[in-house]
Amino acid sequence: MKRFLTTIVLIAIAAYALSTLLQTPTAKGGSNYAVYLPMVTNGSNGQSTEPTTTPTPTVDPAQLKADVIAAVNSERAKAGCARVSAQADLGNGAQAWADYMVANNTYDHSVFVDVDWYLHHGYTRSDWLSENVAAGPHTGADVVALWMSDEGHKAAVLAGCANTSHTFDIGIGFNNYRWVLAIGELHN
């Protein structure tokens with residue numbers, strides 16, 4: 001039992017340390033992060049065991065991105081907002097940002113690296129853009145639920161609700177459970 005409690009304490013310390021690395025500022029000055037740590041037990045008596053190798057699940061990034069778009073459109077429909085449609089250049093910019101975050105071991109918004117990130121990646125259809133980033137969630141529905149739980153990120157998901165006559169583009173980036181959502185508003 002003592003070994004089990006020691007393991008729990010070590011997991012809690014690791015979770016706290018990891019959470020400080022994954023913090024991202026919000027509009028209110030707070031921070032949001034998600035940490036997922038598995039609990040490994042032998043299943044018979046709850047005693048901690050050495051981790052076993054489990055196969056890495058195969059993920060289909062295209063399906064995950066489609067799931068995010070479906071979840072975003074579901075949330076937008078509930079709020080009476082216009083649907084968003086995938087746009088290739090915006091998606092390329094979002095994917096490039098997700099790749100950049102993984103390659104540079106960073107977690108932040110693209111504007112802190114390049115204020116014109118999406119323009120430099122070919123997206124020229126809009127002069128207004130909103131971006132959300134996340135780390136950790138394993139499904140499209142989970143990442144959208146995480147964004148919807150915070151007012152600042154929720155505002156980005158529901159961007160432009162008052163302008164139902166406008167068209168909205170969406171681009172999704174995904175790499176190693178780093179997520180990027182970009183929404184551009186087109187003034188018709």
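Refer to the structure presented above.
What comes next is a walk through the structure. Remember, predicted model here, so these are calculated numbers, not experimental data.

Reading the values: the criteria
Residues numbered from 1 in each chain as written. Predicted model: local features only at pLDDT ≥ 70, side-chain atom pairs only at ≥ 80, totals over all residues. Heavy atoms only, no water. Axes fitted to C-alpha atoms, helices over the stretch in contact; angles between N-to-C directions. Helix = DSSP H or I, 4+ residues; strand = E, 2+ residues; numbered from the N terminus. Parallel < 35°, antiparallel > 145°, perpendicular 65-115°, else oblique. Left-handed = near helix turned anticlockwise from the far one by under 90°. Contact = heavy atoms within 4.5 Å. Nonpolar A, V, L, I, M, F, W, Y, C, P; charged D, E, K, R; others polar. Buried < 20%, exposed > 50% of the residue type's maximum accessible area, 1.4 Å probe, protein only. Phe/Tyr/Trp six-rings, centres within 6.5 Å; stacked < 30°, edge-to-face > 60°. Lys NZ or Arg CZ within 6 Å of the ring centre and 35° of its normal.

## Some words on the packing of helix H2 (residues 61-78) against helix H5 (residues 140-148)
Part 1 of the reasoning: In the contact formed by H2 and H5, the axes pass within 8 Å of each other and the chain directions differ by 40°. Between H2 and H5, the interaxial angle falls into the category oblique. By crossing handedness, the relation of H2 to H5 is classed as right-handed. Facing Leu64, Asp67, Val68, Ala71, Val72 and Glu75 of H2, the residues of H5 in contact are Gly140, Ala141, Val143, Val144, Trp147 and Met148.
Part 2 of the reasoning: Of the residues contributing to the contact of H2 with H5, the split by class is nine nonpolar, one polar and two charged.

## Overview of the environment of Val72
Part 1 of the reasoning: With respect to the helices and strands, Val72 occurs in helix H2.
Part 2 of the reasoning: A relative accessible area of 0% means that Val72 is categorised as buried.
Part 3 of the reasoning: Sequence separation between Val72 and Val144 is 72 residues, and the spatial gap between their C-alpha atoms is 6.6 Å.
Part 4 of the reasoning: Apart from residues lying up to four places away in sequence, Val72 is in contact with Val84, Val144, Val157, Ile170 and Leu181.

## Quick look at the packing of aromatic side chains
Part 1 of the reasoning: Taken as a whole, this structure holds five aromatic pairs when the rule is applied.
Part 2 of the reasoning: Judged by centre distance (5.3 Å) and plane angle (85°), the ring pair of Phe174 and Tyr177 falls under edge-to-face.
Part 3 of the reasoning: Given a relative accessible area of 6%, Phe174 falls into the buried group.
Part 4 of the reasoning: Residue classification places Tyr177 among the buried positions, given a relative accessible area of 18%.
Part 5 of the reasoning: Through pairs of rings, three or more aromatic residues link up here, namely Trp97, Tyr100 and Trp117.
Part 6 of the reasoning: Between the NZ or CZ atom of Arg76 and the centre of the ring of Phe168, over which it lies, the distance is 4.8 Å.

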